[in-house]
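Okay, here's what each chain looks like letter by letter:
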Amino acid sequence: MNDLPPARILAIESSCDETAAAVIENGRALLSSVVASQMDIHARYGGVFPEVASRQHVLSIVPVIEQALAQAHMTLVDVDAIAVTRGPGLAGSLVVGLNAAKGLALGANKPLVGVNHLEGHIYSSWVYEFGTDAPLAPQFPILALLVSGGHTELNLMTDHLTYRRLGATLDDAAGEAFDKTARLLGLPYPGGPSIQKAAEDGDPKAFNFPRARLDSPWNFSFSGVKTSILYEVRRIQAAGNSIPVADMAASFQAAIVDTLLVKTLAAAREFGAKEILVAGGVSANTALREAFLGQTEFKVNIPKFAYCTDNAAMIASAGYFRYALGHRSTLDIDVMPTWPLS
Ligand code: KG4
Ligand code: ZN
């Protein structure tokens, strides 16, 4: 893998509610990364409003791409290929980024590389900012825990772009559990950061919420913890008391983090992984980061905070490895809203 060809990739990401573009060199050195967030717009709906997201992408996509190229001191002529998120995500959002990428690829006569958004999240651990010291790249075999708003799964990676799915959530994704629990506790969207903030003043041992240990050791289930919070909230309200939001948020967060850590460590041991990798929006959670980085058995790769939630730097990195290994997409590819990682 050290003999991959040098290349600069322009990447575009628009799978959900962030319009993003980035330029990366040789898959790791990030030259620019621009993210236009729509969070404030969707907050008033309590979640992502797909039609609104799609329209916002249309407004932002060209300026975001222009800014990413300008910050990298480049024009389209200087890039070797254009990578773009093809799925999974909201169809109406994905279409905007994919069509922009196709237009640029056609107009500038550059190869197009369609990238899986989940693969992008995983590759956020390869990214570092150009001009800073390059950290060691993650070493295979890697046990990768993917924890985003729509996905929670364990994959074994024995090489680049190679995933063996060991298990996944049987119901809610971890991020979804954060979002739904926040709503139950009356906390604002997005739920993950809200719960984390509320938990700062809470006792993680105040409530002992269930940690689902399923028959299948590599699967997850988060609906039980959500339901027990619902019952607890109802019980407290029926007794005429106010909800101890901080304690509940801290106890919920502890239950989720504990489950993710225990299962990931067990899988890493069982499958002989050398390192662990955590990726996806929930990897921004400080309690989760402390728990994973606090154990000493495995080296843990976890992206810098800025690259945990949706961005194009991660798509550029994954796009580079795909490009370098010869993957090319034709200009007639379509979006794949439910595209699995493996
Ligand atoms: O990866 P991402 O940005 O989008 C998807 O691909 O789904 O993940 C979004 C999810 C949301 O559910 C959000 O609540 C969660 O990541 N999240 C967090 C934190 N920041 C974002 N969850 C817990 N703690 C956080 N600090
Ligand atoms: Zn994501």
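Above this text sits the structure in question.
A quick note: this is a predicted structure, and the numbers were derived from the prediction, not measured.

Considering all chains together, one arrives at 10 aromatic pairs under this definition. Pairing Y45 with F49 gives two aromatic rings, centres 4.7 Å apart and planes at 65 degrees, and the pair type is edge-to-face. The exposure class assigned to Y45 is partly exposed, which follows from its relative accessible area of 43%. The exposure class of F49 is partly exposed, given its relative accessible area of 36%. Here the aromatic rings of Y123 and F321 are separated by 5.2 Å at their centres, their planes lie at 40 degrees, and the arrangement is tilted. One end of the pair, Y123, is in helix α4 (residues 117-123); the other, F321, is in helix α10 (residues 313-324), with 198 residues separating them in the sequence. The residues Y123 and F321 share a single accessibility class, namely buried.

Backbone-to-backbone hydrogen bonds pair the strands of a sheet. The strands run either parallel or antiparallel. Spatially, 5 strands are ordered β9-β8-β7-β10-β11 in an open sheet, and the strand pairing comes out mixed. Where the open sheet ends on each side, the last strands, each with one partner, are β9 (164-168) and β11 (299-301). Adjacent strand axes in the sheet meet at a mean angle of 20 degrees, parallel and antiparallel pairs treated alike. Relative to strand β10 (residues 275-279), strand β7 (residues 142-147) runs parallel, the two being bridged by 5 bridges. Bridge pairing in β10 links L143 to I276. Running over the sheet, helix α9 (residues 286-294) touches β7, β10 and β11 and is turned about 175 degrees from β10.

Rules used in this analysis
Residues numbered from 1 in each chain as written. Chains lettered and ligands numbered in written order. Predicted model: local features only at pLDDT ≥ 70, side-chain atom pairs only at ≥ 80, totals over all residues. Heavy atoms only, no water. Phe/Tyr/Trp six-rings, centres within 6.5 Å; stacked < 30°, edge-to-face > 60°. Buried < 20%, exposed > 50% of the residue type's maximum accessible area, 1.4 Å probe, protein only. Helix = DSSP H or I, 4+ residues; strand = E, 2+ residues; numbered from the N terminus. Pairing = 2+ DSSP bridges. Axes fitted to C-alpha atoms, helices over the stretch in contact; angles between N-to-C directions. Contact = heavy atoms within 4.5 Å.

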